[in-house]
Amino acid sequence: MSPTDLRFSGVSRRFGHLAVLAGVSGEVSAGQALLVTGANGSGKSTLLRCLAGLLAPDSGEIECREEGRSLDAAERRRRVGMVAPDIAFYEELTVAENLAFFARLRRARPERPAELLERVGLPGDRMAGALSSGMRQRLRWVWALLHRPRLLLLDEPFQNLDRPGETVTRELLEEHLAAGEGLAVIANPSSLEVSRVAARLELGG
Amino acid sequence: MWRLASNWAAEALAVFAKDWRCEFRTRYALNTLALFAFTTLVVVSASLGPLGTSAARGASVLPVLLWLILLFAGAAGLPRSFVHEEETHTATALRLAATPSALFCGKLAYGLSLVWALELLVAPLFLAMVSLAVRSPGLFVLVLAAGGFGLAAGSTLIAAIIAQAQGRSTLFAVLAFPVLLPLLILVVELTRNAVAGAPAGMALHQLLLYDGTVTIFGLMLFPVVWNP
């Protein structure tokens with residue numbers, strides 16, 4: 001077992017009478033990615049929210065280990081990096097102010113937001129409310145990587161990105177996996193061409 | 001240990017600063033609180049000003065009206081701290097990034113500063129407009145401070161509970177009644193004592209105990225409410 005890995009078994013989740021997840025299992029280790037695919041409504045986003053600790057599964061187990069130590073849901077929430085369509089930022093603040101705020105919460109280095117903004121080509125002085133959908137997606141990537149997480153949970157990670165945006169975010173993902181300690185779970189990839197894929201999980205089948 | 005406490009305090013301070021930065025850019029809560037408070041203040045002073053009631057009745061009734069003004073003005077603006085996070089979908093990012101207790105304290109500090117600013121505006125105007133003399137100004141200020149703390153703490157906790165629910169306005173009123181009623185009873189009694197120049201008595205101890213209890217209860221309950 002690597003020092004950083006994620007295992008989940010028998011994860012189920014209902015919303016009222018609707019069974020969105022039913023006994024889903026999978027695992028991924030450091031340096032690898034798990035692709036989660038499936039039709040609309042098959043539970044991909046719900047699975048990622050459960051893995052992030054944002055939703056408690058009705059049954060099943062989720063075990064995330066970092067440096068050999070198992071993390072509970074609260075620790076997973078603080079440590080994961082997540083890119084998801086429902087992650088929004090404060091429209092009254094600039095991009096730089098949003099990231100500075102979250103960098104303080106995440107205890108990231110103060111210069112980290114500027115480094116990532118330059119990498120993805122986002123202006124820090126733009127109001128978050130004035131960003132296009134593609135720029136918001138780049139901002140989500142920056143936000144997710146602020147604190148150098150080991151586990152990346154990516155839900156529709158390349159949505160709304162233009163070709164340069166998709167190129168740079170794929171580079172960031174590859175660097176994250178190539179570093180050896182990072183792992184990723186990717187749901188709804190626009191393209192399945194992601195290297196270091198350990199397994200593919202088809203939901204709703 | 002010291003480093004953990006320092007990080008926690010930095011988180012709470014970041015939340016407080018962020019809320020005020022957003023508030024200065026929108027002025028939503030400030031305008032709502034000030035407009036509500038000023039409107040009710042004018043109505044009260046016009047209806048029950050120096051010509052509208054006897055001094056004895058005024059000393060008994062006017063403290064009630066003062067705290068009703070503060071309560072309803074606070075209810076108009078304080079719940080927004082958490083409700084706005086849910087409505088604009090920034091709550092998910094906060095759930096992933098913030099320590100719950102630090103987030104609660106940062107929001108509480110923001111609400112408290114709003115309430116104290118409201119009291120700073122309303123209380124002197126109220127006293128002047130209804131010509132109410134306060135014989136124990138020190139007790140009066142203490143009651144405003146401690147009562148404002150209780151109002152902020154109770155409202156922050158209720159706001160966190162209702163933020164994810166439907167029918168928030170109704171739910172706030174329903175939840176606020178049992179939580180804030182003891183506070184209102186105590187601050188009205190203490191304000192009457194301050195007006196009359198009477199000693200605070202046990203009521204002040206009870207008010208401070210209320211403040212501590214609501215705060216501790218909020219810190220314990222908030223992580224459960226915030227993270228389903």
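In this report, the structure presented in the accompanying data block is examined. On a predicted model such as this, the values are computed, not experimentally measured, just so you know. Residue numbers here run from 1 along each chain, matching the order of that chain's written sequence. To label them, take the chains in the order written and letter them from A, then take the ligands in the order written and number them from 1. Per-residue local features of the predicted model are confined to residues with pLDDT of at least 70, and side-chain atom pairs are confined, for both listing and counting, to 80 or more; whole-chain, interface and lining totals are unaffected and use all residues. Calculation of side-chain values draws on the structure's entire complement of heavy atoms; hydrogens and water are dropped beforehand.

### So, the sheet that holds strand 7 (residues 151-155) of chain A
Residues and elements named next belong to chain A.
- Whether two strands pair depends on DSSP finding at least two bridges between them. Counting from the N terminus, the helices are DSSP H or I runs at least four residues long and the strands are E runs at least two residues long. Taken together, five strands build an open sheet; the order of strands is 6-7-8-3-9 and the sheet is parallel. Edge positions in the open sheet fall to strand 6 (81-83) and strand 9 (197-203), since each of these has one partner strand only. Sheet twist, expressed as the mean angle between neighbouring strand axes with direction ignored, is 15°.
- Where strand 3 (residues 33-38) lies against strand 8 (residues 183-187), four bridges are found, and the strand directions are parallel. Paired with Val36 across the two strands is Ala187, which belongs to strand 8.
- Every residue pair with non-hydrogen atoms within 4.5 Å of one another is taken to be in contact. Fitted lines through C-alpha atoms give the axes, limited to the stretch in contact for helices. The angle between two N-to-C directions lies from 0 to 180 degrees. Lying over the sheet, helix 1 (residues 44-52) contacts strand 3, strand 6, strand 7, strand 8 and strand 9, oriented at roughly 155° with respect to strand 7.
- Helix 6 (residues 163-178) contacts strand 3, strand 7 and strand 8 of the sheet and is inclined by roughly 140° relative to strand 8.

### Points about the interface of chain A and chain B
- On the side of chain B, 24 residues touch chain A, which itself brings 25 residues to the contact.
- Buried area is a sum: the accessible area each of two parts loses on coming together, probed at 1.4 Å, counted once for each and added. Taking both partners together, chain A and chain B bury about 2300 Å²; carbon and sulfur atoms supply 63% of that area.
- It is Tyr90, Glu92 and Leu105 of chain A that lose the most area in chain A upon contact with chain B, and together they represent 26% of the buried surface on that side.
- In the sections that follow, a salt bridge refers to a side-chain nitrogen of Lys or Arg positioned within 4 Å of a carboxyl oxygen of Asp or Glu. For the pair chain A and chain B, the number of links is four salt bridges.
- Of the charged contacts in the structure, one is a salt bridge between Glu11 of chain B and Arg107 of chain A, with a shortest N-O distance of 2.7 Å.
- Identification of polar contacts relies on pairs of N or O atoms within 3.5 Å, with a donor-acceptor requirement for protein atoms, meaning one able to donate a hydrogen and the other able to accept it, and with residues adjacent in sequence counted only if both atoms are side-chain atoms. The tally of links between chain A and chain B comes to 10 residue pairs in polar contact (both at pLDDT 80 or more).
- Those elements giving two or more residues to the side of chain A that touches chain B turn out to be helix 1, helix 2 (73-79) and helix 3 (95-106) of chain A.
- Note that Gly is not counted as nonpolar here; it falls among the polar residues with everything else outside the nonpolar set of Ala, Val, Leu, Ile, Met, Phe, Trp, Tyr, Cys and Pro and the charged set of Asp, Glu, Lys and Arg. For the side of chain A that touches chain B, the class distribution of residues is 15 nonpolar, one polar and nine charged.

### Regarding the sheet that holds strand 2 (residues 18-29) of chain A
All names here are of chain A.
- One open sheet accounts for four strands, arranged 2-1-4-5; its pairing is antiparallel. In the strand order of this sheet, the two ends are held by strand 2 and strand 5 (69-71), each with one partner. The average angle at which neighbouring strand axes cross in this sheet is 25°, direction not considered.
- Looking at chain direction, strand 1 (residues 5-15) and strand 2 are connected through eight bridges and run antiparallel. Opposite Arg7, over in strand 2, you have Glu27 as the bridge partner.

### Considering the packing of helix 6 (residues 100-129) of chain B against helix 7 (residues 137-162) of chain B
All names here are of chain B.
- Where helix 6 contacts helix 7, the two axes come as close as 8 Å, and the packing angle between them is 140°. In terms of orientation, helix 6 lies oblique with respect to helix 7. For the element pair helix 6 and helix 7, the recorded crossing hand is right-handed. Residues Phe104, Lys107, Leu108, Gly111, Leu112, Val115, Trp116, Glu119, Ala123 and Leu127 of helix 6 pack against Phe140, Leu144, Ala145, Gly147, Gly148, Phe149, Leu151, Ala152, Ala153, Thr156 and Leu157 of helix 7. Should an angle lie under 35 degrees it is considered roughly parallel, over 145 roughly antiparallel, and from 65 to 115 roughly perpendicular; all remaining angles are considered oblique. Here is the rule for handedness: rotate from the far helix to the near one, and if that takes an anticlockwise turn smaller than a right angle the crossing is left-handed, while a clockwise turn gives right-handed.

### Topic: empty space enclosed by the protein
All names here are of chain B.
- Buried and open spaces are told apart on a 1 Å grid over the protein atoms alone, a cavity being a set of points where a 1.4 Å probe fits but cannot get out and a pocket being an open set with protein on both sides within 12 Å along at least five of seven lines. Residues with an atom within 4 Å of a point are the lining residues. Grid points are joined across faces, edges and corners, and a volume is the space filled by probe spheres set on the points. One pass over the structure, following the stated rule, counts one cavity of 30 Å³ or more.
- Looking at the largest cavity, its volume works out to about 160 Å³.
- In this structure, the largest cavity is lined by 15 residues; those nearest its centre are Asp19, Cys22, Arg80, His84 and Tyr110.
- Contributing elements (two or more residues each) for the lining of the largest cavity: helix 1 (2-26), helix 4 (80-87) and helix 6.
- The dominant element in the lining of the largest cavity, judged by the number of residues it contributes, is helix 1, at five residues.
- Of the residues in the lining of the largest cavity, the class split is four nonpolar, four polar and seven charged.

### Re helix 2 (residues 28-48) of chain B
All names here are of chain B.
- Taking 1.5 Å per residue as the helical rise, helix 2 with its 21 residues ought to reach 30 Å, and the 30 Å between its terminal C-alpha atoms agrees with that figure.
- The buried label applies to any residue whose accessible area, calculated with a 1.4 Å probe on protein chains only, is under 20% of its type's maximum; exposed applies above 50%, and partly exposed to all values in between. Buried within helix 2 we find Ala29, Leu33, Ala37, Leu41, Val44 and Ser45. The buried residues of helix 2 occupy one face: seen down the axis, they fall within an arc of 90°. Looking at helix 2, the residues exposed on the side facing more than 90 degrees away from the buried face are Leu35 and Ala46. The span you would expect from a helix comes to 1.5 Å times its residue count less one. Summarising the geometry, the arc corresponds to the directions from the helix axis toward the C-beta atoms.

### Topic: a nonpolar patch on the surface
Residue and element names in this part refer to chain B.
- Only residues whose relative accessible area exceeds 30% and that take part in no salt bridge are eligible for patches, with like-charged residues grouped when within 9 Å of each other and nonpolar side chains (Val, Leu, Ile, Met, Phe, Trp, Tyr) grouped when within 5 Å. Computed by Shrake-Rupley with a 1.4 Å probe, the accessible areas treat only the displayed protein chains as cover when residues are assessed. A cluster of nonpolar residues, Phe38, Val42, Leu121 and Leu125, forms a patch on the protein surface that exposes about 320 Å² of accessible area.
- Those elements giving two or more residues to the nonpolar patch turn out to be helix 2 and helix 6.
- Among the residues examined, Phe38 registers a relative accessible area of 48% and is labelled partly exposed.

### Details of unusual backbone geometry
- Backbone geometry at Arg148 of chain A places phi at a positive 50°, although glycine is not the residue there.
- In this fold, Arg148 of chain A is placed in the loop between helix 5 (133-145) and strand 7.
- Assessed through its relative accessible area of 51%, Arg148 of chain A is described here as exposed.
- Positive phi, normally seen in glycine, also occurs at Ser131 of chain B, with a value near 55°.
- Among the structural elements, Ser131 of chain B can be located in the loop between helix 6 and helix 7.

### A short note on the nonpolar core
- Only buried Ala, Val, Leu, Ile, Met, Phe, Trp, Tyr and Cys residues count toward a nonpolar core, and they belong to the same one when joined by side-chain atoms within 4.5 Å. In this structure, Leu6, Phe8, Phe102 and Val185 of chain A together with Phe126 of chain B are the most contacted members of the largest nonpolar core, which totals 139 residues.
- Here this core takes 13 residues from helix 7 of chain B, the largest share from any one element.
- In this view, Phe126 of chain B contacts Leu41, Val44, Leu62, Leu65, Leu66, Ile69, Ser131 and Leu132 of chain B; residues no more than four positions away in its chain are not counted.

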